[in-house]
Amino acid sequence: MAEKRNIFLVGPMGAGKSTIGRHLAEMLHLEFYDSDQEIERRTGADIAWVFDLEGEEGFRVREENVISDLTELQGIVLATGGGSVLSKETRNRLSARGIVVYLETPIEKQVARTQRDKRRPLLQTKEEPREVLVRLADERNPLYEEIADFTIRTDEQSARAVANQIVEQLGF
């Protein structure tokens, strides 16, 4: 790869952005970052604690700042948080600073992949997880589509197979 390009993974929780991103970074010899992990590293606390203390609004401000910083780097793969696209500024930065890949995932897969995960504050409510995921999909899927350079469905494929598909699409 002659020039260092950034690859940004967007999509809903449970799409496999972090796992696929690690494989992709390894295959392309790029640095891997996860915006949620970077928030945790910078705050010294987990995402759930940030949500409890600052609410979703406070978390989104931190997320926007972290993504702004990370997208200024060169030669990275970045797994973004599912709600990061709610910020117009973040959408603009992702679009302008790299190749955006939307990892599209059916609701049933999201439910299966997130059902035992207690680290997802938006699912820790009285509302049924499936209902939350449907509501989030209605709000966010058009935003993922708006900024995506291309879309990959992650249905029944392994993370490595999806990473291979992305590499093929990129033409690397």
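Residues numbered from 1 in each chain as written. Predicted model: local features only at pLDDT ≥ 70, side-chain atom pairs only at ≥ 80, totals over all residues. Heavy atoms only, no water.

Digging into helix α6 (residues 129-147)
For α6, spanning 19 residues, the distance from its first C-alpha to its last is 26 Å, which sits close to the expected 27 Å at 1.5 Å a residue. Along its length, α6 reaches its greatest deviation from straightness, about 40°, at Arg140, and the proline Pro142 lies no more than four positions downstream. Inspection of α6 places Val132, Leu133, Leu136, Ala137, Arg140, Leu143, Tyr144 and Ile147 among the buried residues, and these make up the whole buried set. (Helix = DSSP H or I, 4+ residues; strand = E, 2+ residues; numbered from the N terminus. Expected span 1.5 Å × (residues − 1). Bend = angle between axes of the 7 residues up to and from the residue. Buried < 20%, exposed > 50% of the residue type's maximum accessible area, 1.4 Å probe, protein only.)

Observations concerning the sheet that holds strand β5 (residues 150-153)
Working definition: the strands of a sheet are paired by backbone hydrogen bonds and lie parallel or antiparallel to each other. Taking strand neighbours across the sheet as the criterion, the five strands line up as β2-β3-β1-β4-β5 in an open arrangement whose pairing is parallel. Strand pairing shows two members of the sheet lacking a second neighbour, β2 (31-34) and β5, which therefore form its edges. Averaged over neighbouring strand pairs, the angle between their axes works out to 20° when direction is ignored. Summarising the sheet, β2 and strand β3 (residues 76-79) pair through four bridges and their orientation is parallel. Paired with Phe32 across the two strands is Val77, which belongs to β3. Those strands touched by α6 are β1 (7-10) and β4 (99-104), and its axis lies near 145° from that of β4. (Pairing = 2+ DSSP bridges. Axes fitted to C-alpha atoms, helices over the stretch in contact; angles between N-to-C directions. Contact = heavy atoms within 4.5 Å.)

Focus on the side chain of Thr80
When you line up the elements, Thr80 lands in the loop between β3 and α4 (88-97). At a separation of 2.8 Å, a polar atom in the side chain of Thr80 contacts the main-chain carbonyl oxygen of Leu9. Look past the residues within four positions of Thr80 in its chain and what remains in contact with it is Leu9, Val10, Lys17, Ser35, Ile67 and Leu94. (Polar contact = N/O pair within 3.5 Å; in protein donor to acceptor, adjacent residues only side chain to side chain.)

Focus: the nonpolar core
Of all hydrophobic cores here, the largest spans 22 residues; its most connected members are Ile7, Leu9, Leu24, Val101, Leu103 and Ile166. Elements represented by at least two residues in this core include exactly β1, α1 (17-28), β3, β4, β5 and α7 (159-170). The leading source of residues in this core is α7, at six residues. Once residues within four sequence positions are removed from consideration, Ile7 is found in contact with Leu24, Leu28, Leu30, Ile76, Val77, Leu78, Ile99, Val101, Leu170 and Phe172. If you look at the next biggest cluster of nonpolar residues, it comprises 19 residues, including Ile39, Ile67, Ile76 and Leu94. (Core = buried A, V, L, I, M, F, W, Y, C linked by side-chain atoms within 4.5 Å.)

Just distances and angles here, no functional claims.
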